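A look at the structure
Listed here are the chains, written in short residue letters.
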Amino acid sequence: MTDLAISKRTAAPRIGEDTPRPDGVPKVAGTFAFSSDLHHDRMLWGGTLRSPHPSARIRSVDISAAVAVTGVHAVLTHEDVPGSLVYGLEHRDQPVLAPDVVRYEGEPVAIVAADSPEAVRMAVDAIAVDYEPLDPLVDPDLAERADPIHPDGNLVRRINLIHGDQDVRGEVQVEGTYEVGMQDQAFLGPESGMAVPAEDGGIDLYVATQWLHSDRDQVADCLGLDPALVRLTLSGVGGAFGAREDLSLHVHLCMLALHTRRPVKMVYSREESFHGHVHRHPARMWFRHHADRDGSIVRVESRLVLDGGAYASSSGAVIANAACFAAGPYRVPSAHIDGAVVRTNNPPCGAMRGFGAVQTCFAHEAQMDRLADALGMDPVELRLHNALAPGDELLTGQTITGTAPVAEVIRTCADHPSGASMAVDPMELPGGAGRTADPEHVVRGEAFAVGFKNILFSEGFDDFSEASCHLADGVATITSACAEVGQGFVTLAQQITREVLGVDDVVLLPASTVGIGSAGSTSASRQTWMSGGAIQEACGQVRVQLLERLAVKHGVDADDLVVADGRVVSMAGGLEIDLVEATAEPIEASVVFRHAPTLPLDENGQGDAHVSFAFSAHRAIVDVDVELGLVKVVELTTSQDVGRVLNPLQTVGQLEGGAAQGVGLAVMEEVLVQGGRIRNASFTDYLVPTALDMPPVEIAALIEEAEPGAPFGAKGIGEPPSISSTAAVAAAIRNATGLDLPRVPVRPTDIVFPEGAA
Amino acid sequence: MLNGRQHVGVSVTIATSLEDACAALTAEPGSLVLAGGTDLMVEVNRGSRRIGNVVALNRIPELAGWHLIGDELRLGAGVTFAEICDPEIAALVPALAQAARTVGSPQIRNAATIGGNIATASPAGDSIPVLAALDAVLELRSAEASREVPVTEFITGVKATCLMPGELIEAVRVPVLDGPQEFCKVGPRNAMVISVASLALLVDRSARRIRVGLGSVAPTPLRATQAEDHVSGHLDWDNGVPPRLEVVREFAELVASSASPIDDHRGSAAYRRHAVRILAQRSLTRVLNRVSPS
């Protein structure tokens, strides 16, 4: 018994120790059950009829032929939505099923349940919709002047941020216009789930998502059901990156299941998935930086236009981020940022890793390089000279009270030696397997970028996470509705519990809306802090109860007792109790954890709207085949402000994965939209980096300065890697080619025909 | 009353001999022919091709394997791109192996076959420019007859071939040439990418000819004949003295002008034409110092 406990101790990692993911090997081996693998013996298959038009009036919908298809059990339209006809993350402005008008290509119009996927397909094809196509509004610059395409108007939100003395002018000014294309989260597991009707008139929905309770509330609204009758359980998530924060098939599945009284399963095809979730906002950005001769930034002006697409989703929060962090992690005493996110008939945009900060980082870092050039200063020196530090003010007037090791992040990354050699094998050169280049065709470039964003929810949002800990017979059982979407919460929850309670055996119950309150969204780099914090506190309370109980029982002072390695030990000596024995009678605690409150932004975009900030830097080295316009990213070096490393293995994974998405946006990832239509809705044509495109990520430094208020001092680490990496790679291509390259992704023709010949 | 539409069952014939396959195709001439499935299943999954009766070819021994017959290589239509990457085949037709390496991912190369790549007849088919440059001959077979067709005549348009109902590709024959070979392919990603432009350049020492095939710049397989004539006539086949830079440039120009590319979401016509010009220049330069007899 004792021996067993000792041997298990060495195998159960705690805070700061490498903790392999339990789902890692199963995913690689193909045995992990994703939400698309759900099965029920009595299940029907669901499918969706989507609008072929980016903008059209619906004259009529005739389902009679679809209903007559053999094996079809239900064909439902907007008329069958039992509750609220609309849903949405921030604003409920998106129809469950389009009633009289469609506002983007792929908008759901009708849903079907049938015996087989083939019967679903036939029925979907048999639904006759009479559309009157309208001219789509596709240019975000025209949106505010155009006729409203939605009752809520075409301006989703404007942030007119005015900070400091508006009359300040710099001796040196640089100006630029920049553009970011529409990136997709490109998760591998398409939208999928299963709804099972329950005896009590409620519904059980198994789905891959980022925020179970928010989904539940929206679904319950649309179904006209009490939220207690709508129970969501997290299914195997195949990536999220923001794309699962909005509802997709949730209400549809429940409607079909309630209608047919049968379990219904739905899996989007890859093409459908591109229409079935929000993307990263395309951005058009103008900047003017003012600086003194010594390199001090004195003012930043900017205009930002983000294309929100047809529905609001989280656009309001995205434009706030874009505006608040528009100038980068630098001291900027005066600023005017006019940021707008508008409605168009393009695909809806919303949350994606980096959330508004990615777009502006690309622009402000290009501006910093321009400014360095105009000043004749080293670009890294210029950044160091202006780097934010604790006690400095942000553009919002908020003073940074937590950690902000910006200079350390910059210095460690810039000083890190490069290991990049010059390749000879064409496979390793730009063009890769296509063998297009020889070494003499290649120019090398190098550049540097810094970025930051807020972590946790901002602007006065009541951000909380609930968790409970149940300790019995030496086993701790943790309940949390935190959605594990690949970020590594399942290991962290166990590490934190072991650390606080000194136990080895930790059971993390499946995430669901039953028996526990909301954990909040798995987004905004917030779950380590919020749900990690909730678990830390719940375990802490259990620990206190345990020690008090033992103190009373053994007549010792509770302060004299410590829990360590499966035992409770008296520091004074003489008492040593096995945890299994000590917890024969269970102990339980539930907590609702909140971070420090924030305030809304005022009409000038000012206010203490954010809690905490995370910073990162990337240095990119690229090889460019200028004649063919092809790029090979040779090396990425990064430093990041992490507060504290909780799981080193997962930290490396986050830094590498985030950088891969950043490289993708820099050189290839774009949802091509023409006239409101997606032209590359497949992984044949929406390209993400392969092993030949993704360089090794050298981690120069993980800056560990404990963040006040965060569990163990740890900041969330998921987003920063995707913020500064894109900017660094694009700048390195500029450095290699001498071209302006004001747009990402950088396309071969941007390099070959810089004047826009074709 | 109108009967409900029926989802009718389909038959799948898993042929284990050529004869079986031909018989099945004769019985159901509209059947889909399934080899590696790497093109077909994408279309089926996307819903752009409704699946009917299927004849699966991947268990037919006669379609597997390759043989060297004299100075000709005969590849069964079922030979996969992974197999073509094999050093033994690469030594005989280096450009075909280089092209095979650019096809998809390892999983795709393990399944995708050369016969399937030809039958799909995509302008972006990676093996097509090499086969065109090699003057590859296809052996076609049906229950009643067999015939031979050059690959350049077999493909008649975008995804269109002269394959008749009931007919399938049995094998591909290509010459083993004396001289270096190059295959280059341009795409906006360093691997697993559909060709935006590609070029095969083969040296045929015994015929004293440079052969050039182009991909993704025309609806059908394209030989840059004028460019071939021009450069073949200007090379010093006896002593291997490199030609003037101007010859290389003129050659590249002629290659570019032989292309008739289109604009689409993968690339513009101007970029495609530009790319084959650069590829022509570079691949010729690569082979030039290897032109003279060793």
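The structure displayed is predicted, hence computed values, not measured ones.

Bringing the overall build of chain A into the picture now. Each helix and strand in chain A was counted, giving 17 helices and 31 strands. Looking at chain A residue by residue over its 758 residues, the buried ones come to 63%. Sequence-distant contacts, at least 24 apart, represent 81% of the contacts inside chain A between residues at least 6 apart. Carbon together with sulfur atoms contributes 51% to the accessible area of chain A, which is approximately 25900 Å² in total.

To continue, consider the interface of chain B and chain A. Contact residues are listed per partner, giving 37 residues for chain B and 48 residues for chain A. Here chain B and chain A share an interface that buries about 3600 Å² over both sides, 53% of which is from carbon and sulfur atoms. The tally of links from chain B across to chain A stands at 5 salt bridges. For Arg282(B), the salt bridge goes to Asp625(A), with nearest N and O atoms at 2.6 Å. Where chain B meets chain A, there are 24 residue pairs in polar contact (both at pLDDT 80 or more). Listing elements by their share of the side of chain B that touches chain A, those giving two or more residues are helix 2 (40–46), helix 5 (94–101), strand 11 (181–186) and helix 12 (269–288) of chain B. Looking at which element gives the most residues to the side of chain B that touches chain A, the answer is helix 12 of chain B, with 8 residues. Of the residues in the side of chain B that touches chain A, the class split is 14 nonpolar, 12 polar and 11 charged.

So, on to the packing of aromatic side chains. All names here are of chain A. Summed over the entire model, instances satisfying the criterion amount to 12 aromatic pairs over all chains. Both rings, one in Phe-32 and one in Phe-34, keep their centres 4.8 Å apart while their planes meet at 65°; by these two values the pair is edge-to-face. The class of Phe-34 is partly exposed, set by a relative accessible area of 26%. For the pair Phe-452 and Phe-615, a centre-to-centre distance of 5.3 Å together with 5° between the ring planes defines the contact as stacked. Highlighted residues: Phe-452 in strand 18 (residues 442–455) and Phe-615 in strand 26 (residues 612–625), separated in sequence by 163 residues. The same class applies to Phe-452 as to Phe-615, namely buried. One aromatic cluster in this structure is built from Phe-325, Phe-452, Phe-613 and Phe-615. Sitting over the face of the ring of Phe-187, Arg-244 holds its NZ or CZ atom 3.9 Å from the ring centroid. Here Arg-526 stacks its cationic end above the ring of Phe-457, 5.4 Å away from the centre of that ring.

Take the domain arrangement of chain A next. Interface size is commonly expressed as the accessible area that is lost once the parts come together. Residues and elements named next belong to chain A. Domain boundaries in chain A define domain 1 (2–32 + 464–594), domain 2 (35–135 + 190–237 + 244–276) and domain 3 (283–458 + 601–752). Relative placement of domain 2 and domain 3: their C-alpha centres are 36 Å apart. With 21 residues of domain 2 at the contact, the number on the domain 3 side is 24 residues. For the pair domain 2 and domain 3, the summed buried surface comes to about 1800 Å²; carbon and sulfur atoms form 57% of the total.

On to the environment of Gln107(B). Take Gln107(B): it is sitting in helix 6 (residues 106–111). Judged by relative accessible area, Gln107(B) falls into the exposed class, the value being 59%.

Let's shift gears to the pairing of strand 13 (residues 209–215) of chain B. Residues and elements named next belong to chain B. In terms of burial, strand 13 is largely enclosed, as 6 of its 7 residues are buried. The turn linking strand 12 (residues 197–204) back onto strand 13 is made up of 4 residues, and Arg-208 within it adopts a positive phi angle of 50°. In the sheet, strand 13 pairs with strand 14 (residues 222–223) via 2 bridges, with the strands oriented antiparallel. Bridge pairing in strand 14 links Gly-213 to Arg-223. As consecutive antiparallel partners, strand 13 and strand 14 are separated by 6 residues, and within that stretch Ser-216 has a phi angle of approximately 65°, a positive value.

All names here are of chain A. Between helix 9 (residues 357–375) and helix 10 (residues 379–386), the least distance of the axes is 9 Å, while the angle of their chain directions is 110°. Taken together, the axes of helix 9 and helix 10 are roughly perpendicular relative to one another. Of the residues in helix 10, those touching helix 9 at Glu-365, Met-368, Asp-369, Leu-371, Ala-372 and Leu-375 are Pro-379, Leu-382, Arg-383 and Asn-386. Counted by class, the contact of helix 9 with helix 10 contains 6 nonpolar, 1 polar and 3 charged residues.

Turning to empty space enclosed by the protein, a few remarks are in order. Over the atoms, a rolled probe matching the size of one water molecule traces out where space is still vacant. Residues and elements named next belong to chain A. Per the counting criterion, the structure on display carries 8 cavities of 30 Å³ or more. Residue lining of the largest cavity: 19 residues in total, with Tyr-87, Gln-94, Leu-247, Ser-248 and Gly-276 positioned closest to the centre. Breaking the lining of the largest cavity down by element, the ones donating at least two residues are strand 5 (94–95), helix 6 (250–260) and helix 7 (270–276). The residue inventory of the lining of the largest cavity, partitioned by class, reads 11 nonpolar, 6 polar and 2 charged. Its boundaries defined by the atoms lining it, the second largest cavity holds a volume of some 120 Å³.

Residue and element names in this part refer to chain A. If you trace the 4 strands from one edge of the open sheet to the other, you get 18-26-27-30, paired in mixed fashion. Edge positions in the sheet fall to strand 18 and strand 30 (697–703), since each has one partner strand and no second. Between one strand axis and the next, the sheet turns by 20° as a mean value, whatever way the strands run. Two elements, strand 26 and strand 27 (residues 630–641), share 10 bridges in a ladder whose sense is antiparallel. The residue of strand 27 that forms the bridge with Asp-625 is Leu-630. In this fold helix 11 (residues 406–415) packs onto strand 18, strand 26, strand 27 and strand 30, with an angle of close to 25° to the strand it touches most, strand 26.

On to the pattern of salt bridges, then. Residue and element names in this part refer to chain A. Tallied over the full model, the rule gives 62 salt bridges over all chains. For Glu-719, the salt bridge goes to Lys-453, with nearest N and O atoms at 2.9 Å. Of the two residues, Glu-719 is situated in the loop between strand 30 and helix 16 (720–737) and Lys-453 in strand 18; the sequence distance between them amounts to 266 residues. Of the two residues examined, Glu-719 and Lys-453, each falls in the buried class.

This part covers the side chain of Glu365(A). As for its placement among the helices and strands, Glu365(A) is situated in helix 9. When sequence neighbours within four positions are dropped, the list of residues in contact with Glu365(A) reads Tyr330(A), Arg383(A), Phe448(A), Ala449(A), Val450(A) and Ala727(A).

Here we take up the sheet that holds strand 5 (residues 72–76) of chain B. All names here are of chain B. Spatial ordering of the open sheet is given by 4-5-10-6-7, a layout of 5 strands whose pairing is antiparallel. Edge positions in the sheet fall to strand 4 (66–69) and strand 7 (146–150), since each has one partner strand and no second. The mean inter-strand angle of the sheet, taken between neighbouring strand axes irrespective of direction, is 25°. Note: strand 4 against strand 5, 4 bridges, orientation antiparallel. Each residue of the ladder has a partner; that of Leu-68, found in strand 5, is Leu-73.

The next subject is the nonpolar core. All names here are of chain A. With 96 residues, the main nonpolar core has Met-285, Ile-337, Val-729 and Ile-733 as its most contacted residues. Broken down by element, the residue count for this core peaks at 10 residues, all from helix 9. Leaving out residues up to four positions away in the same chain, Val-729 has contacts with Ala-620, Val-622, Val-633, Leu-636, Val-663, Ala-666 and Val-667. In terms of nonpolar packing, the next biggest core, distinct from the first, is built from 86 residues, Val-207, Leu-471, Ala-483 and Ala-534 among them.

Glancing now at a nonpolar patch on the surface. Residues and elements named next belong to chain B. Residues Val-10, Val-12, Ile-14, Met-41 and Ile-51 make up a contiguous nonpolar surface patch of about 390 Å² in total accessible area. Here Met-41 lies in helix 2. For Met-41, a relative accessible area of 32% translates into the label partly exposed.

Moving on to the packing of helix 12 (residues 489–501) of chain A against helix 13 (residues 527–554) of chain A. Residue and element names in this part refer to chain A. Direction vectors running N to C along helix 12 and helix 13 enclose 30°, while the axes themselves pass 9 Å from each other. Our classification of the angle between helix 12 and helix 13 gives roughly parallel. Read as a crossing pair, helix 12 and helix 13 show a hand that is right-handed. Contacts between helix 12 and helix 13 involve Phe-489, Leu-492, Ala-493, Ile-496, Thr-497, Val-500 and Leu-501 on the former and, on the latter, Gln-527, Thr-528, Ser-531, Gly-532, Ile-535, Gln-536, Cys-539, Gly-540, Val-542 and Arg-543. Taken together, the residues that form the contact of helix 12 with helix 13 break down as 9 nonpolar, 7 polar and 1 charged.

Here the focus is the domain arrangement of chain B. All names here are of chain B. Taken domain by domain, chain B holds domain 1 (12–56), domain 2 (64–175) and domain 3 (181–288). Placing the centre of domain 1 and that of domain 2 at their C-alpha centroids yields a distance of 18 Å. Taken together, the contact between domain 1 and domain 2 spans 11 residues of the former and 15 residues of the latter. When the area that domain 1 buries against domain 2 is broken down by residue, the three leading residues are Leu-18, Cys-22 and Thr-38, summing to 41%. Counting across the domain 1 and domain 2 interface gives 1 salt bridge. The closest approach of N and O atoms between Lys-159 and Glu-43, which form a salt bridge, is 3.7 Å. Summed over the shared surface of domain 1 and domain 2, the result is 1 residue pair in polar contact (both at pLDDT 80 or more). When residues in the side of domain 1 that touches domain 2 are grouped by element, the largest group, 5 residues, is from helix 1 (residues 18–27).

What counts, and at which threshold
Residues numbered from 1 in each chain as written. Chains lettered and ligands numbered in written order. Predicted model: local features only at pLDDT ≥ 70, side-chain atom pairs only at ≥ 80, totals over all residues. Heavy atoms only, no water. Helix = DSSP H or I, 4+ residues; strand = E, 2+ residues; numbered from the N terminus. Buried < 20%, exposed > 50% of the residue type's maximum accessible area, 1.4 Å probe, protein only. Contact = heavy atoms within 4.5 Å. Areas by Shrake-Rupley, 256 points an atom, 1.4 Å probe, with all protein chains shown as cover. Buried area = accessible area lost by both parts, 1.4 Å probe. Salt bridge = Lys/Arg side-chain N within 4 Å of Asp/Glu carboxyl O. Polar contact = N/O pair within 3.5 Å; in protein donor to acceptor, adjacent residues only side chain to side chain. Nonpolar A, V, L, I, M, F, W, Y, C, P; charged D, E, K, R; others polar. Phe/Tyr/Trp six-rings, centres within 6.5 Å; stacked < 30°, edge-to-face > 60°. Lys NZ or Arg CZ within 6 Å of the ring centre and 35° of its normal. Domains from an automatic or database assignment. Pairing = 2+ DSSP bridges. Axes fitted to C-alpha atoms, helices over the stretch in contact; angles between N-to-C directions. Parallel < 35°, antiparallel > 145°, perpendicular 65-115°, else oblique. 1 Å grid on protein atoms, 1.4 Å probe; cavity = no way out; pocket = protein on both sides within 12 Å on 5 of 7 lines; lining within 4 Å. Points joined across faces, edges and corners; volume = space filled by probe spheres on them. Core = buried A, V, L, I, M, F, W, Y, C linked by side-chain atoms within 4.5 Å. Patch = residues over 30% accessible without salt bridge, like charges linked within 9 Å, V, L, I, M, F, W, Y side chains within 5 Å. Left-handed = near helix turned anticlockwise from the far one by under 90°.

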